[in-house]
Amino acid sequence: MDEPLVTRMQEFGETIFAEMSALAVRTGAINLGQGFPDQHGPRAMLDVAVEAIRSGEVQYPPGPGLPELREAVAAQRLERYGLSYDPATEVFVTVGATEGVAASMLALAGPGDEVIVFEPYYDSYAATIALAGAVRRPVTLRPDGGRFTFDPDELRAAVGPRTRLILVNSPHNPAGTVFTRAELEAIAGVCREHDLVAVTDEVYEYLTFDGTEHIPLATLDGMRERTVAVSSAGKTFSVTGWKTGWITAPAPYIRAVQTVKQFLTYAVSAPYQRAAAYALGNETAWVEGLRTSLQAKRDRLVTGLEAAGFVAYRPQGTYFVQADIRPLGFGDGMDLARALPERAGVVAIPTQVFYDHAKAGAHFLRFAFCKRDEVIDAAVERLARLG
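Throughout, a residue's number is its position along its own chain's written sequence, starting from 1. Given that this is a predicted model, residues contribute local features only at a pLDDT of at least 70 and side-chain atom pairs are listed and counted only at 80 or more, while totals for whole chains, interfaces and linings are drawn from all residues. Water and hydrogen atoms were dropped before computing side-chain values, which therefore reflect all heavy atoms in the structure.

**Points about the environment of Gly 145**
Filter applied, for reference: Secondary structure counts use DSSP, requiring at least four H or I residues in a row for a helix and at least two E residues in a row for a strand, with both numbered from the N terminus.
By the secondary structure assignment, Gly 145 is in the loop between β5 (142-144) and β6 (147-149). Taking the C-alpha atoms as reference points, Gly 145 and Leu 301, 156 residues apart in sequence, are found 20 Å from one another.

Here is the structure:
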């Protein structure tokens, strides 16, 4: 029988996260691949979800999301960033940020439209652009001064007559970069000049380090009216399995996304929505403790990777460290990632799978540091065997 999968999706097989997590289970290796935290969210937030379930809240909630969560999101955007959104018409709840990005792509890009994306990119971006029948136009992030950044000239050159959207992830997974105001101004300038819509993935908005500021693109001049911002509770409150996210955007974009999302999942778990609303209003101190803890874990992992012989790029945000494998005599991250569980008892993600231009990322591995200190220590002790 011929391959039944439609042509536009045939380049996408099992995700690298599923492959590497299965490899960790099969070999008993320490999993520093997939970015799920070892710790749970704040206890009071968990209790809100439990109480909602016990009280019988098990039926469909409103499709756009519970009013209390939409109000909490609007309040958060206003208090933290000075961005005002109407919770009734400009905030929309999704099944995690992944669905938020996917529904935005399906709603706002069509066959033949072009979407600019910064590579390396989170793997779902390429798949959802393909699902929309659109074409991705990558702009490469490269190491410069200890962090990854882009060339503004390459960004401008990526724009063509069919360009419709630009997908911006900051804080950036997997590079760990938090775009500066100057970098965001370059992006905003391209959007304004060419009348582009920006979809921004901001799920790591609270998880920045060393005093680095996350600046939403929508705060820049002329960008609120052309930005669809996506975030979620998963990374902020260490409840990645809850898949509770949201979009903030002008009402016409919300209506467009809702038109798509209602035929994907329709609604999001009500107990998790109630708990996320509570957490946004009451658990910012817990999140600050998480951020501080993650910064220390980042430093712990970077120190260990450097001692093992890698060149490690210290991220400004997220859960992840990029490590250059060439000083250890390796050149292909995919080959090393598949061999690493047997050679060192550790699982990492080969960064090259997040590029269109795979050669640009062939010498990087991505390691997650959102783990207990003893797990990080055991992993770096094993990685020292590679030297």
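**Thoughts on helix α4 (residues 96-108)**
How we decide: Here a helix's expected span is defined as the number of its residues, less one, multiplied by 1.5 Å. Partly exposed describes any residue whose relative accessible area lies between the buried limit of under 20% and the exposed limit of over 50%, with all areas from a 1.4 Å probe on protein chains only and scaled to the type maximum.
The first and last C-alpha atoms of α4 sit 18 Å apart over 13 residues, in line with the 18 Å expected at 1.5 Å per residue. By the criterion of burial, α4 is predominantly enclosed, with 10 of the 13 residues buried. For α4, the set of buried residues is Gly 96, Ala 97, Glu 99, Gly 100, Val 101, Ala 102, Ala 103, Ser 104, Met 105 and Leu 108.

**Looking at the sheet that holds strand β15 (residues 364-368)**
Put simply, the rule is: Strand pairing is assigned whenever DSSP identifies at least 2 bridges connecting the two strands. Contacts: residue pairs with any heavy atoms within 4.5 Å of one another. In this description, a line fitted to the C-alpha atoms serves as the axis of each element, helices being fitted only across the stretch in contact, and the angle between N-to-C directions of two axes falls anywhere from 0 to 180 degrees.
Here we have 4 strands laid out as an open sheet, ordered β11-β12-β15-β14, and antiparallel in their pairing. Edge positions in the sheet fall to β11 (311-313) and β14 (349-350), since each has one partner strand and no second. Here β14 runs beside β15; their pairing, made up of 2 bridges, is antiparallel. Along β15, the bridge assignment pairs Ile 349 with Arg 366. Packing against the sheet, helix α10 (residues 284-308) makes contact with β11, β12 (320-324) and β15, and its axis sits at approximately 15° to β12.

**A short note on the pairing of strand β9 (residues 227-232)**
The buried count for β9 comes to 6 of 6 residues, which makes it a mostly enclosed element. Of the two faces of β9, the one holding Thr 227, Ala 229 and Ser 231 and the one holding Val 228, Val 230 and Ser 232 are both buried throughout. Examined bridge by bridge, strand β8 (residues 197-201) and β9 share 4 bridges and lie parallel to one another. Bridged to Val 199 within β9 is Val 228.

**Describing the domain arrangement of the protein chain**
Where we set the bar: Domain delimitation in this document rests on an assignment produced automatically or drawn from a domain database. By convention, the term buried area covers the 1.4 Å-probe accessible surface removed from two parts as they join, with the contributions of both added. One speaks of a salt bridge when a side-chain nitrogen belonging to Lys or Arg is within 4 Å of a carboxyl oxygen belonging to Asp or Glu. Just so you know the grouping, Ala, Val, Leu, Ile, Met, Phe, Trp, Tyr, Cys and Pro go in nonpolar, Asp, Glu, Lys and Arg go in charged, and all remaining residues, Gly too, go in polar.
The assigned domain composition of the protein chain is domain 1 (7-41 + 285-384) and domain 2 (59-281). For domain 1 and domain 2, the distance between their C-alpha centres works out to 24 Å. Summing both sides of the interface, domain 1 and domain 2 together bury roughly 3300 Å²; the carbon and sulfur share of this comes to 60%. Counting the contacts that link domain 1 with domain 2 gives 3 salt bridges. One salt bridge connects Asp 356 with Arg 136, and the closest N-O pair in it is separated by 2.7 Å. Taken together, the elements giving at least two residues each to the side of domain 1 that touches domain 2 come down to α10, β12 and β15. In terms of residue count, α10 provides more of the side of domain 1 that touches domain 2 than any other element does, 7 residues in total. Split into classes, the residues belonging to the side of domain 1 that touches domain 2 amount to 18 nonpolar, 12 polar and 7 charged.

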